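One-letter residues, chain by chain:
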Amino acid sequence: MWGGKTEALVSRLVRAQLQDIPVLAFNPRRNQRYGSTDITAHSGAHFPAIPVENGEEIVQVCRERDPAVVGIDEFFMIPDAMVAVNALLKRQAKIVVATLDMDSEAKVWSSVAELMGVAEEIVKCAAVCSSCKADAYYTFRKGMAPSPRVLVGTDDFYEPRCRTCFEAGQEAKRFQDGEEGLFSRQARQ
């Protein structure tokens, strides 16, 4: 969501590579926003990656190649990614992840919550709120977006929002759907 998560991931992987540390990177197979299997930031920064369907594929490839550093982009999109993280931790690999922590309804991805529990360092990268330009940590799904929980796309379906603008947008969607929300009740009181 334009917060620099993937850019930071690419930077760390490139740095490890420059230090001659064996590096492997993984990307969910369905994440081909830029027509490539590479991990690609909105800025154009990219790093070669292996597309995977699930965490077990990451484990299998890492057994064969034995990397010291493993990068995983869009962690929340990879089923059983924690299987890979746990296996890699046992092998003492350094794992660097870029991911959203919540969906567009502000519900935390369970795999990301589990990941945060074992993480040694967590850095949240703020985007810029598309409404007010404050720091944005929420992903707002635009009203015309299709309904699956995960849609691979950028500004076609989603935009970054600060908490205040996110909540106002959610309230507006509920109001459009005919639901009476918190803000509309408060305005009448």
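Before reading further, recall that the structure is shown in the block above.
In short, a report on the structure. (Residues numbered from 1 in each chain as written. Predicted model: local features only at pLDDT ≥ 70, side-chain atom pairs only at ≥ 80, totals over all residues. Heavy atoms only, no water.)

**A short note on the pattern of salt bridges**
For clarity, the cut-off: Salt bridges are counted wherever a side-chain nitrogen of Lys or Arg sits within 4 Å of a carboxyl oxygen of Asp or Glu. Secondary structure is summarised from DSSP: a helix means a run of H or I of at least four residues, a strand means a run of E of at least two, and numbering begins at the N terminus for each. Whether a residue is buried, partly exposed or exposed follows from its accessible area with a 1.4 Å probe, protein chains only, as a fraction of its type maximum: under 20%, in between, or over 50%, in that order.
Considering all chains together, one arrives at seven salt bridges under this definition. The salt bridge involving Glu121 is made with Arg12; its shortest N-O contact spans 3.4 Å. Residue Glu121 is located in the loop between helix 4 (110-118) and strand 7 (127-128), and its partner Arg12 is located in helix 1 (residues 5-18); the two are separated by 109 residues in the primary sequence. The partly exposed category is assigned to Arg12, whose relative accessible area is 38%. Between Glu159 and Arg161 there is a salt bridge, with the nearest N and O atoms lying 2.6 Å from each other. Of the two residues examined, Glu159 and Arg161, each falls in the buried class. One connected set of salt bridges, linked through shared partners, spans Arg29, Glu53 and Glu57.

**Thoughts on the state of the cysteines**
For clarity, the cut-off: Only a pair of cysteine sulfur atoms within 2.5 Å qualifies as a disulfide here.
Enumeration over the complete set of coordinates arrives at zero disulfides. Unpaired in terms of disulfides, Cys132 finds its nearest cysteine sulfur in Cys162, a separation of 3.7 Å. Cys132 sits in the partly exposed class, given a relative accessible area of 40%. Of all cysteine sulfurs, the one in Cys162 lies closest to Cys165, which takes part in no disulfide; the gap is 3.6 Å.

**Details of unusual backbone geometry**
The backbone of Asp66 shows a phi angle near 50 degrees, a positive value even though the residue is not glycine. Judged by its relative accessible area of 48%, Asp66 is partly exposed. The phi dihedral of Asp80 falls on the positive side, at around 60 degrees, and the residue is not glycine. Along the chain, Asp80 turns up in the loop between strand 5 (69-73) and helix 3 (81-90).

**Points about the sheet that holds strand 6 (residues 94-98)**
Whenever strands of a sheet pair, they do so through backbone hydrogen bonds, lying parallel or antiparallel. Quick reminder of the rule: Two strands pair under a simple rule: DSSP has to find at least two bridges between them. Lines fitted to the C-alpha atoms define the axes, with helices restricted to the stretch that makes contact. Angles between their N-to-C directions range from 0 to 180 degrees. Whether two residues are in contact is decided by their heavy atoms: any pair within 4.5 Å suffices.
Read from one edge to the other, the open sheet built from four strands follows the order 4-1-5-6, with strand pairing classed as parallel. Each having just a single partner strand, strand 4 (50-52) and strand 6 make up the two edges of the open sheet. Strand-to-strand, the axes of this sheet are offset by a mean angle of 25 degrees, without reference to chain direction. Against the sheet, helix 1 touches strand 1 (23-28), strand 5 and strand 6, its axis set at about 160 degrees to strand 5. Together, strand 1, strand 4 and strand 5 form the strand contacts of helix 2 (residues 55-65), whose direction differs from that of strand 1 by roughly 160 degrees.

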